Amino acid sequence: MSFHSLDYLLFLPLVVVLYFVMPQRWRWVVLLVMSNLFYAAWRWDFLWLLWVSTLIDFFVGQRLPSARPGWRKKALLAISLCGNLGLLFTFKYFALVANTGLTIYHGGDGRAFEPVSLLLPLGISFYTFQTLGYVIDVYRGRKEPERHLGYFAVYVMYFPQLLAGPIERPGTLLPQFRKERMFDVGRAAAGGALMLVGYFKKLVIADRLADLVPPVLNQPLDHSPLLVLTAAAGEIYRYYADLSGYADIAIGSSLILGIQLTKNFDRPLASVSVAEFWRRWHITVSTWFRDYVYLPIARGGGRSRGRRDDKAVRRALATLLTIAIVALWHGAAWTWLAAGLIAGFVMIGEGIVRRSRRATALSNGLARGLGVPRDLEVGLQNGLNRFVLWSFLILLGSMVATPGWQTSIQAWGRMAELPGWFVQDPASLLSGFAAVPRYLVVAIIALELYQWLDARRPVFERVRARGAIVAWGFYYALIAVILMFGTFDKPGFLYFNF
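Because the structure is a prediction, the values reported are computed rather than measured.

Engineer: Describe the overall build of the protein chain, listing the residues and the values that go with them.
Structural biologist: Within the protein chain one finds 21 helices and zero strands. Against the compact-globule benchmark of 23 Å for 498 residues, the protein chain has a radius of gyration of 24 Å, which places it among compact chains. Along the three orthogonal principal directions, the C-alpha set of the protein chain runs to about 70 × 65 × 60 Å. The buried share of the protein chain, reckoned over its 498 residues, is 49%. Put simply, 74% of the contacts in the protein chain that link residues at least 6 apart link residues at least 24 apart. Carbon and sulfur atoms provide 65% of the accessible area of the protein chain, an area that totals close to 24,400 Å².

Engineer: Can you break down unusual backbone geometry residue by residue, with the values?
Structural biologist: One non-glycine residue, Arg267, lies in positive phi territory at about 45 degrees. Relative to the elements of secondary structure, Arg267 occurs in the loop between α10 (225–256) and α11 (274–280). The backbone of His282 shows a phi angle near 45 degrees, a positive value even though the residue is not glycine. Along the chain, the position of His282 falls in the loop between α11 and α12 (283–299). Given the relative accessible area of 0%, His282 is considered buried.

Engineer: So what about the nonpolar core? Which residues, and what values?
Structural biologist: Counting residues in each nonpolar core, the largest one holds 134 residues, and the members touching the most others are Tyr8, Phe38, Phe177, Ile205, Leu257 and Trp278. The greatest single-element share of this core, amounting to 16 residues, is contributed by α10. Every residue in contact with Tyr8, bar those within four places of it in the chain, is listed here: Met1, Ser2, Phe3, Pro13, Phe38, Phe159, Met195, Tyr199 and Ser253.

Engineer: Can you explain the environment of Val216? Please cite residues and give values.
Structural biologist: For Val216, the position within the fold is in helix α9 (residues 185–218). For the pair Val216 and Thr402, spaced 186 residues apart in sequence, the C-alpha separation works out to 9.3 Å.

Engineer: I'd like a description of the packing of aromatic side chains, backed by residues and values.
Structural biologist: On inspection of all chains with the given rule, the structure shows 40 aromatic pairs. Centroid distance Phe11 to Phe159: 5.3 Å. Interplanar angle 90 degrees. Geometry classified as edge-to-face. Placement of Phe11 in helix α1 (residues 6–21) and of Phe159 in helix α7 (residues 159–162) is noted, with a sequence separation of 148 residues between them. This pair shows no difference in class: Phe11 is buried, exactly as Phe159 is. An aromatic cluster is defined as three or more aromatic residues linked by ring pairs; in this entry it consists of Phe3, Tyr8, Phe11, Phe38, Tyr158, Phe159, Phe177 and Tyr246. Note that Arg178 overlies the ring of Tyr151, its terminal NZ or CZ placed 4.2 Å from the centroid.

Engineer: Pulling in residues and values, what's your account of the side chain of Ser398?
Structural biologist: Looking at the secondary structure, you find Ser398 in helix α16 (residues 374–401). The buried category is assigned to Ser398, whose relative accessible area is 0%.

Engineer: Requested: an account of the packing of helix α5 (residues 124–139) against helix α6 (residues 149–157), with residues and values cited.
Structural biologist: Relative placement of two packed helices is described by the angle separating their axes and the distance separating the axes. Relative orientation of the contacting elements α5 and α6 amounts to 135 degrees, with a least axis distance of 9 Å. Put simply, α5 runs oblique to α6. Contacts between α5 and α6 pair Tyr127, Gln130, Thr131 and Tyr134 from the former with Phe152, Tyr155 and Val156 from the latter.

Engineer: So what about the side chain of Ser271? Which residues, and what values?
Structural biologist: Looking at where Ser271 falls in the secondary structure, it is placed in the loop between α10 and α11. On the basis of relative accessibility, which here comes to 0%, the residue Ser271 falls in the buried class. A polar contact of 3.5 Å, which involves the side chain of Ser271, links it to the backbone nitrogen of Phe277.

Engineer: Help me get a handle on α10, residues and values and all.
Structural biologist: The α-helix winds at 3.6 residues per turn, so residues separated by three or four positions along the chain end up facing the same way. Here α10 is 32 residues long and its end C-alpha atoms lie 46 Å apart, about the 46 Å a rise of 1.5 Å per residue gives. Gly258, located one to two residues past α10, shows a positive phi value of around 90 degrees.

Engineer: Could you give me a rundown of the pattern of salt bridges, with the residues and numbers involved?
Structural biologist: Pairing is possible between side chains that carry opposite charge, provided their charged atoms lie close to one another. Throughout the structure, instances matching the rule amount to twelve salt bridges. Between Lys201 and Asp248 there is a salt bridge; the shortest N-O distance is 2.8 Å. Of this pair, Lys201 sits in helix α9 while Asp248 is found in helix α10, placing the two residues 47 residues apart along the sequence. Comparing Lys201 with Asp248, the two get one shared label, buried. Here Asp266 and Lys263 are joined by a salt bridge, their closest N and O atoms 3.5 Å apart. A single network of salt bridges, built from pairs that share partners, joins Arg169, Arg290 and Asp291.

Engineer: Describe the confidence of the model for the protein chain, with residues and values.
Structural biologist: The predicted model of the protein chain averages 87 in pLDDT, with 92% of residues at 70 or higher. For the protein chain, per-element mean pLDDT is lowest for helix α15 (residues 357–369), which scores 66, and highest for α6, which scores 96.

Engineer: Any chance you could break down the environment of Met484 for me, citing the residues and the numbers?
Structural biologist: For Met484, the location among the structural elements is in helix α21 (residues 468–485). As for Met484 and Val204, which are separated by 280 residues in sequence, their C-alpha atoms are 8.9 Å apart.

Engineer: I'd like to hear about the environment of Gly300, residue by residue, with values.
Structural biologist: Inspection of the secondary structure puts Gly300 in the loop between α12 and α13 (308–330). The class of Gly300 is partly exposed, set by a relative accessible area of 35%. Sequence separation between Gly300 and Leu87 is 213 residues; the distance between their C-alpha atoms is 28 Å.

Cut-offs used in this document
- Residues numbered from 1 in each chain as written.
- Predicted model: local features only at pLDDT ≥ 70, side-chain atom pairs only at ≥ 80, totals over all residues.
- Heavy atoms only, no water.
- Helix = DSSP H or I, 4+ residues; strand = E, 2+ residues; numbered from the N terminus.
- Rg over C-alpha atoms; globule rule 2.2 N^0.38 Å.
- Buried < 20%, exposed > 50% of the residue type's maximum accessible area, 1.4 Å probe, protein only.
- Contact = heavy atoms within 4.5 Å.
- Areas by Shrake-Rupley, 256 points an atom, 1.4 Å probe, with all protein chains shown as cover.
- Core = buried A, V, L, I, M, F, W, Y, C linked by side-chain atoms within 4.5 Å.
- Phe/Tyr/Trp six-rings, centres within 6.5 Å; stacked < 30°, edge-to-face > 60°.
- Lys NZ or Arg CZ within 6 Å of the ring centre and 35° of its normal.
- Axes fitted to C-alpha atoms, helices over the stretch in contact; angles between N-to-C directions.
- Parallel < 35°, antiparallel > 145°, perpendicular 65-115°, else oblique.
- Polar contact = N/O pair within 3.5 Å; in protein donor to acceptor, adjacent residues only side chain to side chain.
- Expected span 1.5 Å × (residues − 1).
- Salt bridge = Lys/Arg side-chain N within 4 Å of Asp/Glu carboxyl O.
- pLDDT = per-residue confidence, 0-100.

Rendered as structure tokens:
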């Protein structure tokens, strides 16, 4: 069942009614049953995977506090890690490893064999790390184990965030299931409004870009350099609109029930560095890998041990490894791994420059020597940082959207021809742009304006302050735009490939 299906628009009100009619002590039953039905609407025969992860981590969590420190406690943690990561590797990464091995065996000829293919269970990349985070926190003594299997199962399977996050920590989500609450019209309206923004991102922008971007990047030699460049940037925006749109719908759906989920995107495309981009892009994933992968490696088992050079090496290694894993989490492909390694090296370089006193002194001295005001100096530095960021994003967009390395290289070569085309025939640079609908450009500008305003004061708070007529008029206008310009024939969200 997809969020943008008619089934879900009927399913959600039914859940809301059953949830608030049921006495508080049995509401977890409503959420558990409906969450299982929600997942079964896709494939009921994969429900066992959900329950395997749930039962393993529930019973491991029960045993951890009473286990003696040492091999027994580590063995319990290993059961959870091997069970969860083993399932994730089998369904998500085994085909990649097997097909790579077969390609090497056949001398690099990928057409000499039938590729291995496994159906990826929806949500496995999300609920796996959510349950692992719970077990690791209990293992470290930071969280008491949940003693009620029903509440823990709801924590794992809660339908708004089951398939694609946000990845919630037990301390923020589990207590909310026990809190008694009444239905609140204002809160439900806020949740519904956020869902509308998500539908706008998904149906009006992301799915329209899905019709325009792939044909250009699949055949880059048939299009002008500027159009290929724009398509690569458009692929990144498509990912953002699709993924953040899903997050908005999930958070809005949960808010109607009175359960607050974590914000997952914070205008990442407005970042001024690659490091800041990853902090603001899929926040719950970034913070999960920061806490459970990056920090243990960077600290090397302690907070202050080792020389300064050793710490710098550990930080660099932790950055490279963490970003590479995050990239592979986004997509089981070598292009994603390569993009992650590139991002890791760029982030290491940014960190070196940022911490270098010599670089800072050189920049400040040059600015003073040229008589550049401080505000202009900061603006130029941010502009240079954004150029580096968008160069990486365009490279990433051309890598993940093309069918293979050869096509990616063709796209890079085509974009490299941009200066020559501009000198020889500037008019030809615009060839192909007539196919881009004007309403799509207006929709992207409108979304950016909305996000800029919302970062300063929530837009829906501004609208409600002007009265019910203005507020509901805004909501109905947004619905009309979605129905007029949205596309409704796409099968699902990009998250489902994760």
